[in-house]
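# Structure at a glance
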Amino acid sequence: IPELGGKINSLKDLRTGREWLWSNPRLSFKPLRNADSYITEADTGGWDECFPTVAPCVYPSPPWAGTALQDHGELWSQAAQLDIIENQNQITLRARWQGCALPYVFERTVTLTAASADLHIEYRVENQTNTPINFIWSAHPLLAIEPGMALLLPASARFNRSISIPEGLIAQDSDLLYPPSLSLPANEIDLTSLPDASAAVAFKLWSDPLSEGRAALRAQDGEFRMHWNPNQLPGIGIWLNLGAWSGDDGHPHYNLGLEPCIGAQDSLEEAITKHNQFTTLAPNSARTWQLEIQLTNQ
């Protein structure tokens, strides 16, 4: 939907009827401005792109030091230019955004091939100036989950805690395995398969650089699989909300953000000044990376 910042609002397996993307039942679609709140106005579900930051912050490097960067980046709040390219066997959707706070062009090209359950996504960001631009990026698909699903990640992956609800749910800050150990006074939650919304817990984790670029969500009738080159795209973020949080103070949501990413999450400012995990785009240059999505049916 180009008018909604290029949001992808549906990814359905027509063989099973399963809709893999979560949709917010209480927020309607509407065009937004960069002065609007993502949490209260744009958190409608589906798939957004977060660039050049995820959390709101100020850009810390000259010549744009002190420039405010909005929550979830600045792509969701502007209409994307969309080109649709069709031939006999493929449809390609190319969305293009012009940077607001920083001088860049961001492109996402999605290709679907006939008789295939694969989705090929290619990203390209171009620096339009003679000055380096620092950035982090995260895909932001919110997946529709149900009890009994399994989240599959590389055994070698190690994670950092960003936030947990309730506070203190995950005692360790870093070097976490998935699933993490949850500290609850009343009961123990086993995350080898997803519990229902009565668990009332949520957390955001982000990984150290990965040696394997893969993640999957397994249901009884199929899997949502992601594959990527970890040399291009080194990390993944996980936002698992099991009935603990909503941005509008309404009934808490039940969803999963499975989010391949570049750089430490979620603030570009902290990625540069605290973690030293970010990417620098050289003057008048471009960078590309790819992401493969596969839907399986069982």
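This text goes with the structure placed above it.
Definitions and cut-offs
Residues numbered from 1 in each chain as written. Predicted model: local features only at pLDDT ≥ 70, side-chain atom pairs only at ≥ 80, totals over all residues. Heavy atoms only, no water. Salt bridge = Lys/Arg side-chain N within 4 Å of Asp/Glu carboxyl O. Helix = DSSP H or I, 4+ residues; strand = E, 2+ residues; numbered from the N terminus. Buried < 20%, exposed > 50% of the residue type's maximum accessible area, 1.4 Å probe, protein only. Pairing = 2+ DSSP bridges. Axes fitted to C-alpha atoms, helices over the stretch in contact; angles between N-to-C directions. Phe/Tyr/Trp six-rings, centres within 6.5 Å; stacked < 30°, edge-to-face > 60°. Lys NZ or Arg CZ within 6 Å of the ring centre and 35° of its normal.

## Thoughts on the pattern of salt bridges
Opposite charge on two side chains permits pairing when their charged atoms draw close. Using the criterion set out here, one finds 16 salt bridges in the structure. A salt bridge links D48 to K7; its shortest N-O distance comes to 2.9 Å. Pair noted here: D48 is in strand 3 (residues 47–50) and K7 is in the segment before strand 1 (12–13), with a separation of 41 residues, a long-range link. In this structure, D48 and K7 share a single accessibility class: buried. For K30, the salt bridge is made with E41, and the minimal N-O distance between the two is 2.6 Å. Here K30, found in the loop between strand 2 (18–19) and helix 1 (38–42), pairs with E41, found in helix 1; they are 11 residues apart in sequence, far enough to count as distant. Classification of E41 as partly exposed rests on a relative accessible area of 24%. The network of salt bridges with shared partners includes R18, E146 and D221.

## Concerning the environment of Q172
Mapping Q172 onto the fold places it in the loop between strand 13 (159–165) and strand 14 (201–207). Assessed through its relative accessible area of 39%, Q172 is described here as partly exposed. Here the alpha-carbon distance between Q172 and N160, two residues 12 residues apart in the chain, equals 8.3 Å.

## Looking at the sheet that holds strand 16 (residues 222–227)
The strand order across the open sheet built from eight strands is 6-7-8-9-20-16-15-12, with neighbouring strands paired in antiparallel fashion. Every interior strand has two partners, whereas the edge strands, strand 6 (81–86) and strand 12 (150–152), have only one. Sheet twist, expressed as the mean angle between neighbouring strand axes with direction ignored, is 15°. Two strands pair when backbone bridges link them, and strand 8 (residues 104–113) and strand 9 (residues 118–127) are joined in this way by nine bridges, in the antiparallel orientation. Across the sheet, residue T111 finds its bridge partner in strand 9, namely H120.

## Section: the pairing of strand 15 (residues 214–219)
Note: strand 12 against strand 15, three bridges, orientation antiparallel. Across the sheet, L152 pairs through a bridge with A216, a residue of strand 15. Looking at chain direction, strand 15 and strand 16 are connected through six bridges and run antiparallel. Among the inter-strand pairings, R218 is bridged to a residue of strand 16, identified as E223. With antiparallel pairing between neighbouring strands as the criterion, strand 15 and strand 16 make up a hairpin whose turn holds two residues.

## Details of the packing of aromatic side chains
Applying the stated criterion across every chain, the model contains 14 aromatic pairs. Relative to F106, the ring of W97 has its centre 5.7 Å away and its plane inclined at 65°; by these criteria the two rings are edge-to-face. Both residues of the pair, W97 and F106, count as buried. Consider the rings of W239 and W245, whose centres lie 6.0 Å apart with planes at 85°: the pair is edge-to-face. We classify W239 as buried; its relative accessible area is 16%. Here the aromatic cluster, defined as three or more aromatic residues joined through ring pairs, consists of F51, W97, Y104, F106, Y123, F135, W137 and W289. Sitting over the ring of W20, R18 keeps its end group 5.4 Å from the ring centre.

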